[in-house]
Amino acid sequence: MGEQGELAAEQHVRYIVTAEKKKDSFESLVMEHLRASGAYWGLTTLDLLHKLHAVDSAEVVDWIMSCYHPESGGFGGNVGHDPHVLYTLSAVQVLCLFDRLDVLDVDKVADYVTGLQNEDGSFSGDIWGEVDTRFSYISICTLSLLHRLHKINVDKAVEYIVSCKNLDGGFGAMPGGESHAGQIFCCVGALAITGSLHHIDRDLLGWWLCERQCRDGGLNGRPEKLADVCYSWWVLSSLIMIDRVHWIDKEKLAKFILNCQDKENGGISDRPDNAVDIYHTYFGVAGLSLMEYPGVKPMDPAYALPLDVVNRIFLSKQQ
Ligand code: GRG
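The text that follows walks through the structure, step by step, so that each part is easy to find. (Residues numbered from 1 in each chain as written. Predicted model: local features only at pLDDT ≥ 70, side-chain atom pairs only at ≥ 80, totals over all residues. Heavy atoms only, no water.)

**Quick word on the environment of Tyr40**
So, step 1. Note on placement: Tyr40 falls in helix H3 (residues 35-48).
So, step 2. Overall, the relative accessible area of 6% leaves Tyr40 in the buried class.
So, step 3. Taking the C-alpha atoms as reference points, Tyr40 and Asp168, separated by 128 residues in sequence, lie 32 Å from one another.
So, step 4. Ignoring sequence-local partners within four residues, the contact set of Tyr40 consists of Ser90, Gln93, Val94, Tyr282, Ala304 and Leu305. (Helix = DSSP H or I, 4+ residues; strand = E, 2+ residues; numbered from the N terminus. Buried < 20%, exposed > 50% of the residue type's maximum accessible area, 1.4 Å probe, protein only. Contact = heavy atoms within 4.5 Å.)

Quick look at the structure:
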């Protein structure tokens, strides 16, 4: 592939809008079980590129609500799929993008999330009980966006996250779990939202995170692994939250992301010359947003939503 050049924003918008319509494609098949998250990735990318109006908001909101389970208060990843906190956050994030939280029974959704907190402060992802720091972040982020953080035991939630901190300054999926950039985003994000960042040794964690930059300029998720565009988000957002983002060579990282574009048909892949998908398209554009790339809206590193959307939620009247 030749020179990376600039962000092919128009092509990426076209790729996202048309990917949604290709119902029989390979991509829509692998996306079937996590379509609510796919909607969040695609729609946030459109918003970052100032093109959210390219989709029919009423249609999206109707579809999101068809994934809702009124008896539990949770959302499934697709119509007829079981509820899970991951898709509940994606649904709430999509509704935030369109400023349509009014369609929710906010307390019912908040009670679904609250009911998944365990005695030790951790969170399960659904009724089947898997515990992971991803679910701590997801629950805390969802409840905060709904102005319902007070419904959980925040002190216990924070205590559990801190118990997943490692000697290298990073965080894992559970106590003693290996540090991984994705889990670090979740733990740092949850601590940021709850005002608990003082539990982090910023220099130690910042050092571990900036060592994720590989020779090709891209970031990996843990030592000895290949760079992947998605870590541009997980690592940069964490570095921003602990105020150490200047330890990364932004120019080299931006080049790496831009080199992963399909400049003709749109979309971004995990690394140069691989097949594009909506997940890496989102995290590539989101990474560029965190580096203040021209023409891309700024993002909030903790809520993983455009900054203007987050400001609208927290500056508006409490529901
Ligand atoms: C709202 C942005 C947002 C997220 C919601 C689901 C979630 C919360 C966070 C997931 C964080 C996470 C664990 C990300 C990592 C995803 C990933 C690429 C895992 C791959 O792990 P390996 O071991 O890959 O297959 P490596 O790169 O380590 O070889």
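The structure having been displayed, the exposition proceeds.
**Details of unusual backbone geometry**
So, step 1. Although it is not a glycine, Asp99 adopts a positive phi angle of roughly 55 degrees.
So, step 2. Following the sequence through the fold, Asp99 ends up in the loop between helix H5 (85-97) and helix H6 (106-114).
So, step 3. In this structure Asp99 comes out as partly exposed when scored by relative accessible area, which is 48%.
So, step 4. Phi is positive for Glu224, close to 70 degrees, though the residue is something other than glycine.
So, step 5. With respect to the helices, strands and loops of the structure, Glu224 is situated in the loop between helix H10 (202-210) and helix H11 (230-241).

**Remarks on the site of the ligand**
So, step 1. Among the 17 residues in the neighbourhood of the ligand, the closest are listed as His180, Gln183, Arg222, Lys225 and Tyr231.
So, step 2. Separating an oxygen atom of the ligand from a side-chain N or O atom of His180 is a distance of 3.3 Å.
So, step 3. Residue Arg222 places a side-chain N or O atom 2.5 Å away from an oxygen atom belonging to the ligand.
So, step 4. Protein chains bury 73% of the 750 Å² of accessible surface belonging to the ligand in isolation.
So, step 5. If you list the elements that add at least two residues to the shell around the ligand, you get H5, helix H7 (133-145), helix H9 (181-193) and H11.
So, step 6. Split by residue class, the shell around the ligand holds 10 nonpolar, four polar and three charged. (Near = heavy atom within 4 Å. Polar contact = N/O pair within 3.5 Å; in protein donor to acceptor, adjacent residues only side chain to side chain. Areas by Shrake-Rupley, 256 points an atom, 1.4 Å probe, with all protein chains shown as cover. Nonpolar A, V, L, I, M, F, W, Y, C, P; charged D, E, K, R; others polar.)

**Some details on the pattern of salt bridges**
So, step 1. All chains considered together, the criterion is met by 12 salt bridges.
So, step 2. Across the pair Arg100 and Asp102 runs a salt bridge whose closest N-O atoms are separated by 2.9 Å.
So, step 3. Judged by its relative accessible area of 30%, Arg100 falls in the partly exposed class.
So, step 4. Through salt bridges with shared partners, one network takes in Asp107, Asp111, Arg148 and Lys151. (Salt bridge = Lys/Arg side-chain N within 4 Å of Asp/Glu carboxyl O.)

**A look at the packing of H10 against H11**
For any two helices packed against each other, one specifies the inter-axial angle together with the distance between the axes.
So, step 1. Contact geometry of H10 with H11 gives a least axis separation of 10 Å together with a crossing angle of 160 degrees. With respect to H11, the element H10 is oriented roughly antiparallel. When you trace H10 past H11, the crossing you get is left-handed. Packed against H10, whose contacting residues are Arg202, Gly206 and Leu209, the element H11 presents Val235, Ser238, Leu239 and Met241 at the interface.
So, step 2. For the contact of H10 with H11, the residue count by class is four nonpolar, two polar and one charged. (Axes fitted to C-alpha atoms, helices over the stretch in contact; angles between N-to-C directions. Parallel < 35°, antiparallel > 145°, perpendicular 65-115°, else oblique. Left-handed = near helix turned anticlockwise from the far one by under 90°.)

**A few points about helix H12 (residues 250-259)**
So, step 1. Inspection of H12 places Leu253, Ala254, Phe256, Ile257 and Leu258 among the buried residues, and these make up the whole buried set.
So, step 2. On the buried face of H12, the contacting elements are H11 and helix H13 (278-290).
So, step 3. With a side-chain oxygen lying 3.2 Å from the backbone nitrogen of Glu251, the N-terminal cap of H12 falls on Asp249.

**Re the packing of aromatic side chains**
So, step 1. Within this structure, the stated rule accounts for 10 aromatic pairs.
So, step 2. For the ring pair Tyr303 and Phe314, a centre distance of 5.2 Å and an interplane angle of 45 degrees mean the geometry is tilted. You can see Tyr303 sitting in the loop between strand E3 (299-300) and strand E4 (305-306) and its partner Phe314 sitting in helix H14 (residues 307-315), a full 11 residues away along the chain.
So, step 3. By relative accessible area, Tyr303 is classed as buried at 10%.
So, step 4. Its relative accessible area of 33% is what places Phe314 among the partly exposed residues.
So, step 5. Geometry around Trp63 places Arg35 over its ring, the cationic atom sitting 4.6 Å from the centre. (Phe/Tyr/Trp six-rings, centres within 6.5 Å; stacked < 30°, edge-to-face > 60°. Lys NZ or Arg CZ within 6 Å of the ring centre and 35° of its normal.)

**A word on a negative patch on the surface**
So, step 1. Taken together, the side chains of Glu119, Asp120, Asp155 and Glu159 present a region of like negative charge at the surface.
So, step 2. Inspection of the secondary structure puts Asp120 in the loop between H6 and H7. (Patch = residues over 30% accessible without salt bridge, like charges linked within 9 Å, V, L, I, M, F, W, Y side chains within 5 Å. Lys, Arg positive; Asp, Glu negative; His and termini not counted. Charge placed at Lys NZ, Arg CZ, Asp CG, Glu CD.)

So far we have only geometry, and geometry alone does not tell us how the molecule works.
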